[in-house]
Amino acid sequence: MKKQIVVSSYNDDLSFLNNSYLKDIEHIIYEKGNGDEAKALLLENVDLTMDDLVEKSGNTYYLPNIGLCGQSFLFHICKHYNELADATIFIAGDCLEDA
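Notes on the structure in this doc start here. (Residues numbered from 1 in each chain as written. Predicted model: local features only at pLDDT ≥ 70, side-chain atom pairs only at ≥ 80, totals over all residues. Heavy atoms only, no water.)

## Describing the packing of aromatic side chains
Thought 1: Taken as a whole and assessed by the stated rule, the structure comprises 3 aromatic pairs.
Thought 2: Relative to Tyr61, the ring of Tyr30 lies with its centre 5.0 Å away and its plane at 20 degrees, an arrangement referred to as stacked. Placement of Tyr30 in strand S2 (residues 26–31) and of Tyr61 in strand S4 (residues 60–62) is noted, with a sequence separation of 31 residues between them. Considered together, Tyr30 and Tyr61 belong to a single accessibility category, that of buried residues.
Thought 3: Ring centres of Phe73 and Phe90 lie 5.1 Å apart, and the angle between their planes is 55 degrees; on these two criteria the pair is classed as tilted. (Phe/Tyr/Trp six-rings, centres within 6.5 Å; stacked < 30°, edge-to-face > 60°. Helix = DSSP H or I, 4+ residues; strand = E, 2+ residues; numbered from the N terminus. Buried < 20%, exposed > 50% of the residue type's maximum accessible area, 1.4 Å probe, protein only.)

## Description of unusual backbone geometry
Note: most peptide bonds trans; most residues except glycine with negative phi.
Thought 1: Residue Asn11 is not a glycine yet carries a positive backbone phi of 55 degrees.
Thought 2: Within the secondary structure layout, Asn11 lies in the loop between strand S1 (3–9) and S2.

## Description of the nonpolar core
Nonpolar side chains tend to gather and get buried jointly when the protein is soluble and globular.
Thought 1: Val6, Ile28, Tyr30, Ala38, Leu42, Met50, Leu53, Tyr61, Leu63, Phe73 and Phe75 form the largest nonpolar core, which has 11 residues in total.
Thought 2: Elements represented by at least two residues in this core include exactly S2, helix H1 (36–44), helix H2 (50–53) and helix H3 (69–79).
Thought 3: Beyond its immediate chain neighbours, meaning those up to four positions away, Tyr61 contacts Ile28, Ile29, Tyr30, Glu31, Val54, Glu55, Lys56 and His80. (Core = buried A, V, L, I, M, F, W, Y, C linked by side-chain atoms within 4.5 Å. Contact = heavy atoms within 4.5 Å.)

## Notes on the environment of Ala40
Thought 1: Among the structural elements, Ala40 can be located in helix H1.
Thought 2: With 26 residues separating them along the chain, Ala40 and Ile66 place their C-alpha atoms 9.6 Å apart.

In short, the description is geometric, and any link to function would need to be established separately.
This is the structure:
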């Protein structure tokens, strides 16, 4: 059974992913913390798409800072539809911060 954790982050502390209980579960991070410039480009140029501005490094995708967690999760589902894990946990990167 393939399992994944999909995290939507804006410069969050993601050290919880190093937990020993999670070590055997693949994790994919969608980071928007550096995406403010990309957001401006996307909004200024109607010919650009999200795909034009997404960068990937390892298991981290760097997205324009548009939308909230749901946008990151929908991006993941659309991009990986034919290869989705059997079980996926979608979680905000700041899920353990004090409210």
